[in-house]
Amino acid sequence: MTPTSRCRATARMVAVIGVVSLVAACSGNGGATGSGADGYPNRNITFVVPFSAGGPTDTVTRMIAEPMAAQLGGKIVVRNVEGAGGTVGAGEVAQAEPDGLTVLMHHIGMSTAPALYEKLGYQPLKDFETVGLVTEVPMTIVARKDFPPATLSDLVAYVKANANKVTLANAGIGAASHLCGLLFQTAAGVKLQEVPYQGTGPALTDLVGGQVDFMCDQTTNTSGQISAGKVKAYAVTTPARVKSLPDLPTTAEAGLPQLQVSVWHGLYVPAGTPPEVVRKLSEALKVALAEPRVVEQMAKLGTAPVAPEAATPQAHRTKLEEQLGAWAKVIADAGVKAS
């Protein structure tokens, strides 16, 4: 609803709710309280996670929600809105009031959706304000415990020889696990039978249970399973090894240097959110990422908070612009489209 239409609607109610509400509605600030960030937040803030509860993005979101709420002086409620590779939740936030009370946590999928979906209901650079980057999570290549290949090189050779019967799980088209799987197939020069799930949690559960063969997923979701010996791990997809998994080689060390990818996460608000509100959120994010407990929690999951200079609207926007271009080519070359 535009400020003008909001003003007209409120005017019809003025006899009931009083003149003060009319003044607030007509102030032209796009729905924020007072002037800029004055009084923000005046209600609970909702963090929308466009993926299932318990998944990597949900885990990262819940890590920072409490310390951000403490810094902002309010309460943050995390809500999972699943569907279509994160586009359902993102689309909902794009249409929300630009008052800073509805915030999206999204990952690399924000930069891949325009290339994957022909009828996407939003444009990342046009319909959102960037708040700041949160973390860049390494990916791991993991398989069911009894999967025959012993090393990453063995895995590549095995899937090439058994492409018609090997199953590659993912959390749905556009999910980080799907994107990493695409890169794996490109790097290995093979086309595999993909098994999409409604979220990372169910995919990993079936992997542990032996219903699917292997997948590529974030350390925030796999570290515990790797450490517990519930899955077979082949490599981490970043240039350096992960501190929490020191024995796991990088893809370059393991013979597949073409496969390099990490999953970056960032916070977004609807376009038109007052700059002062965006600034408040960004500053709260920086405080949260510096919390020793958050740093420790992320380290256990094989990741770390971004540097303070990356937890800013401009750094985040620059990253998004770069990634939109990079993934457009990857997805076009793979010939993948989501319905």
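No experiment lies behind these values; they were computed from the predicted model shown.

Draft legend 1. Spotlight on the overall build of the protein chain. Looking only at helices and strands, the protein chain has 14 helices and nine strands in total. In the protein chain, the proportion of contacts linking residues at least 24 apart, taken out of those at least 6 apart, comes to 78%. Approximately 14300 Å² of the protein chain is accessible, and the part contributed by carbon and sulfur atoms is 54%.

Draft legend 2. Molecular detail of the packing of aromatic side chains. Per the counting criterion, the structure on display carries five aromatic pairs. Ring geometry for Phe-147 against Phe-214: centres 6.3 Å apart, planes inclined by 15 degrees, an arrangement best described as stacked. Within this pair, whereas Phe-147 is found in the loop between strand S4 (128-144) and helix H8 (152-161), its partner Phe-214 is found in strand S7 (residues 214-218), the two being separated by 67 residues in sequence. Each member of the pair, Phe-147 together with Phe-214, is buried. Seen from their ring centres, Phe-184 and Phe-214 are 5.3 Å apart, and the 70 degrees between their planes marks the pair as edge-to-face. Taken together, the residues span a long stretch of sequence, with Phe-184 in helix H9 (residues 176-188) and Phe-214 in strand S7 at a distance of 30 residues. Note on Phe-184: relative accessible area 2%, which makes it buried.

Draft legend 3. The arrangement of the state of the cysteines in detail. Taken as a whole and assessed by the stated rule, the structure comprises one disulfide. Note on cysteine connectivity: Cys-180 is disulfide-linked to Cys-216, with sulfurs 1.8 Å apart. Between Cys-180 and Cys-216, the S-S dihedral sits near 50 degrees, and the bridge is therefore right-handed. Of this pair, Cys-180 sits in helix H9 while Cys-216 sits in strand S7, placing them 36 residues apart in sequence. Judged by relative accessible area, which is 3%, Cys-216 ranks as buried.

Draft legend 4. Up close: the nonpolar core. Membership of the largest hydrophobic core comes to 86 residues, with the highest contact counts inside it found for Ile-64, Met-68, Phe-184, Phe-214 and Leu-267. The element best represented in this core is H9, accounting for eight residues. Counting residues in each nonpolar core, the second largest holds 14 residues, with Tyr-197, Leu-207, Met-215 and Leu-248 among its members.

Draft legend 5. Just the pattern of salt bridges, in detail. With the rule as written, the count across this model stands at 14 salt bridges. Lys-191 is the partner of Glu-194 in a salt bridge, and the nearest nitrogen-oxygen pair spans 3.7 Å. Sharing partners across several salt bridges, the network here consists of Arg-144, Asp-146 and Asp-213.

Draft legend 6. Summary view of the pairing of strand S6 (residues 193-196). Relative to S6, strand S5 (residues 167-170) runs parallel, the two sharing four bridges. Pairing of Ala-169 across the sheet is with Val-195, part of S6. The parallel pair S5 and S6, bridged by H9, forms a crossover whose chirality is right-handed.

Draft legend 7. Examining the pairing of S5 more closely. Residue alternation in S5 divides its side chains into two sets, Thr-167 and Ala-169 and Leu-168 and Asn-170, and both sets are buried. By the bridge criterion, two bridges tie S5 to S7 in an arrangement that is parallel. By the bridge assignment for S7, Ala-169 is matched with Met-215.

Draft legend 8. Highlighting helix H5 (residues 87-94). Summarising burial for H5: six of the eight residues are buried, a large majority. What H5 keeps buried is the set Thr-87, Gly-89, Ala-90, Gly-91, Val-93 and Ala-94. Against the buried residues of H5 lie strand S1 (45-49), strand S3 (102-106), helix H6 (109-116), helix H7 (124-127), S4 and strand S9 (262-270).

Draft legend 9. Here's a closer look at the side chain of Thr-251. Within the secondary structure layout, Thr-251 lies in the loop between strand S8 (231-236) and S9. Residue class for Thr-251 comes out buried when judged on its relative accessible area of 0%. Ignoring anything within four residues of it in the chain, the contact list for Thr-251 reads Ile-141, Leu-152, Ala-235, Val-236, Thr-237, Leu-256, Pro-257, Leu-259 and Gln-260.

Draft legend 10. Representation of unusual backbone geometry within the structure. In this structure, Pro-41 follows Tyr-40 across a cis peptide bond, with omega equal to -5 degrees. Relative to the assigned elements, Pro-41 resides in the loop between helix H3 (19-25) and S1. For Ala-84, which is not glycine, the phi torsion reads 50 degrees and is therefore positive. For Ala-84, the location among the structural elements is in the loop between strand S2 (76-80) and H5.

Draft legend 11. Quick look at the packing of helix H4 (residues 56-72) against helix H13 (residues 292-300). The N-to-C vectors of H4 and H13 enclose an angle of 175 degrees; their axes lie 10 Å apart at closest approach. Classified by the angle their axes make, H4 and H13 are roughly antiparallel. Residues Val-60, Met-63, Ile-64, Glu-66 and Pro-67 of H4 touch H13, and the partners they reach there are Arg-293, Val-294, Gln-297 and Met-298. Here the residues of the contact of H4 with H13 are counted per class, giving six nonpolar, one polar and two charged.

Calculation notes
Residues numbered from 1 in each chain as written. Predicted model: local features only at pLDDT ≥ 70, side-chain atom pairs only at ≥ 80, totals over all residues. Heavy atoms only, no water. Helix = DSSP H or I, 4+ residues; strand = E, 2+ residues; numbered from the N terminus. Contact = heavy atoms within 4.5 Å. Areas by Shrake-Rupley, 256 points an atom, 1.4 Å probe, with all protein chains shown as cover. Phe/Tyr/Trp six-rings, centres within 6.5 Å; stacked < 30°, edge-to-face > 60°. Buried < 20%, exposed > 50% of the residue type's maximum accessible area, 1.4 Å probe, protein only. Disulfide = S-S within 2.5 Å. Core = buried A, V, L, I, M, F, W, Y, C linked by side-chain atoms within 4.5 Å. Salt bridge = Lys/Arg side-chain N within 4 Å of Asp/Glu carboxyl O. Pairing = 2+ DSSP bridges. Right-handed = clockwise from strand over helix to strand, strands pointing away. Axes fitted to C-alpha atoms, helices over the stretch in contact; angles between N-to-C directions. Parallel < 35°, antiparallel > 145°, perpendicular 65-115°, else oblique. Nonpolar A, V, L, I, M, F, W, Y, C, P; charged D, E, K, R; others polar.

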